[in-house]
Amino acid sequence: MKLTFSSIQWFIFILAGSVVAPLAIGEAFGLSLREIAGFVQRTFFVIGLVSIIQNIFGHRMPIAEGPAVLWWGVFLVFLGLNGTNNGTNDVLQSIELGLMISGLSFILLSVSNIIQHVKKLFTPIVTGTYFILLVAQISGPFVKGILGVDYKGPGIDWRVSVTAIFTAVITILFSKSRLKWVSSYSVLFGMLIGWGLFSLFKLTEPHEFELDKWIQIPEVLAWGMPKADAGVIATSIFVTLLLLVNIISSIDVVEKVTRPLSKPVYNPSGIIMGISQILSGFFSTIGLVPLSYTAGFIMTTKMKERLPFIIGSFLILLISFFPFVTVFFASIPTPVGYASMLLAFSNMIGIGIREYSQTDINERNLFIIGISLMIGIGTMFIPTEVVATFPPVIASIVNNGLIVGVLICMLLDQLMSKKTERFTSSNKKPDKAEPLRSEAQMD
């Protein structure tokens, strides 16, 4: 029974984190209901498959795969640059090729052991800053989602808000229960109760996709044959480097929560990450990345075992062959998803603060933290229409305050560390020479 509930909860968690991106991108590109249904189906297929492969052959940890925010941004940036009816399909086909090139780049970086060198850059200050900025970046969509902003129309619907807030409170109360089986499955119970309440009050917004098959194999190259675009290719290579930072941080932070008996391996994980990007391009879906907020979910549910995660991932893979099941789960109200996951995401702030506590809170570190958070959070408020005027490679960076803040933190940490080392070594030289002078004087 425990294995069953744990597996279902992982299934719901992975599903809730993966369904929004294809729906939002499909709507932005003006895809038909049938095309969006196929997009969701292919996303589930690749997520389920890659999650299982990573857990068995890659990092070997329970880390959910999900659509990468960076790739989400690439879709929207190039849509803004080529937003005509004829141009949208060309964008999708060029992104297919971009994903494949990104996958090959990942494999080359992993085989050449670059990941191990990048790993050294992740000091407690960098990891802590990553978590704080991650929460800052998602806090806006979370609050808007729970309040039901634009869910049933312009503005806030008070019925949606009250029901979603009630769902969040119930989930938090369940997580603090003294009954272990209640606290362990708090996210699952909260989501089921919230979904039930939304159905009872007729607040759900089901996606009425057009279905004509009960069983369907995910379509290959659904957007057409890949096309070469210099801007997309250059952006894809740069996105690969940024996702390299993402995958290392995700593995590190989940490791701190699960405390596995064996240390995670990075190079095999990077190779499978490359395979994941190639599969995403081949099956015409959004690029994936191990989701670091899985750490907050594990902290909330106390589920650290790998087997329930593998079964949950297999269920995601399985339903991708049944379009009617895919559509059913895609109809989970987004406010319920945000409400039931609120605590899991907010726990990441605690992880970030804990990382900061592992280093000295001195003037140097406070300076690095302050500058990184200030610029990173400030970048999140740059209007999208302004970013759309930038070259694609630059837009993919500026459009993501999380990456901007982490890169600045990493740069300052390394530069100021080298400066401190030079200062320390220069101060030690007189100390080494002093005994020699003293001995000469004594002679």
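Residues numbered from 1 in each chain as written. Predicted model: local features only at pLDDT ≥ 70, side-chain atom pairs only at ≥ 80, totals over all residues. Heavy atoms only, no water.

A.B. asks: Just to check I follow, could you spell out unusual backbone geometry for this structure?
C.D. replies: In this model, Arg60 sits at a positive phi of 60°, which is unusual for a non-glycine residue. With respect to the helices and strands, Arg60 occurs in the loop between helix H3 (33–57) and strand E1 (65–67). If you check the backbone angles, Ser284 has positive phi at about 50° while not being a glycine. Its place among the elements puts Ser284 in the loop between helix H12 (267–282) and strand E2 (288–290). Exposure remark for Ser284: the relative accessible area of 0% places this residue in the buried category. (Helix = DSSP H or I, 4+ residues; strand = E, 2+ residues; numbered from the N terminus. Buried < 20%, exposed > 50% of the residue type's maximum accessible area, 1.4 Å probe, protein only.)

A.B. asks: It is not clear to me how the pattern of salt bridges should be interpreted in this structure. Could you clarify?
C.D. replies: Should the charged atoms of two oppositely charged side chains come close, the side chains can pair. In this structure the tally under the stated criterion is 2 salt bridges. In this structure, the salt-bridge partner of Asp157 is Arg159, at a minimum N-O distance of 3.8 Å. Looking at Arg159, the relative accessible area reads 36%, which means it is partly exposed. A salt bridge links Asp413 to Arg364, with the shortest nitrogen-to-oxygen separation between them at 2.7 Å. Note that Asp413 is positioned in helix H21 (residues 401–442) and Arg364 in helix H18 (residues 363–379), a separation of 49 residues in sequence. What makes Asp413 buried here is its relative accessible area of 4%. (Salt bridge = Lys/Arg side-chain N within 4 Å of Asp/Glu carboxyl O.)

A.B. asks: Looking at this structure, how should I read the environment of Thr285?
C.D. replies: In this fold, Thr285 is placed in the loop between H12 and E2. Taking relative accessible area as the criterion, Thr285 reaches 1% and is therefore assigned buried. Put simply, Thr285 and Pro22 are 263 residues apart on the chain and 7.7 Å apart in space, counted from C-alpha to C-alpha.

A.B. asks: Any chance you could explain the packing of aromatic side chains here in plain terms?
C.D. replies: Two aromatic rings are characterised by how far apart their centres lie and by the angle between their planes. Applying the stated rule across the entire model yields 7 aromatic pairs. Where Trp10 meets Phe13, the ring centres are 5.7 Å apart and the plane angle is 80°; that geometry is what we call edge-to-face. One end of the pair, Trp10, and the other, Phe13, are both in helix H1 (residues 2–18), 3 residues apart, so they sit about a helical turn from each other. The buried category is assigned to Trp10, whose relative accessible area is 0%. Using a relative accessible area of 3% as the deciding quantity, one classes Phe13 as buried. Aromatic pair Trp10 and Phe309: ring centres 5.0 Å apart, planes at 85°, arrangement edge-to-face. Placement of Trp10 in helix H1 and of Phe309 in helix H14 (residues 306–319) is noted, with a sequence separation of 299 residues between them. With respect to burial, Trp10 and Phe309 carry one shared label: buried. Connected via pairs of aromatic rings, a cluster forms that spans Phe45, Phe282, Phe283 and Phe321. (Phe/Tyr/Trp six-rings, centres within 6.5 Å; stacked < 30°, edge-to-face > 60°.)

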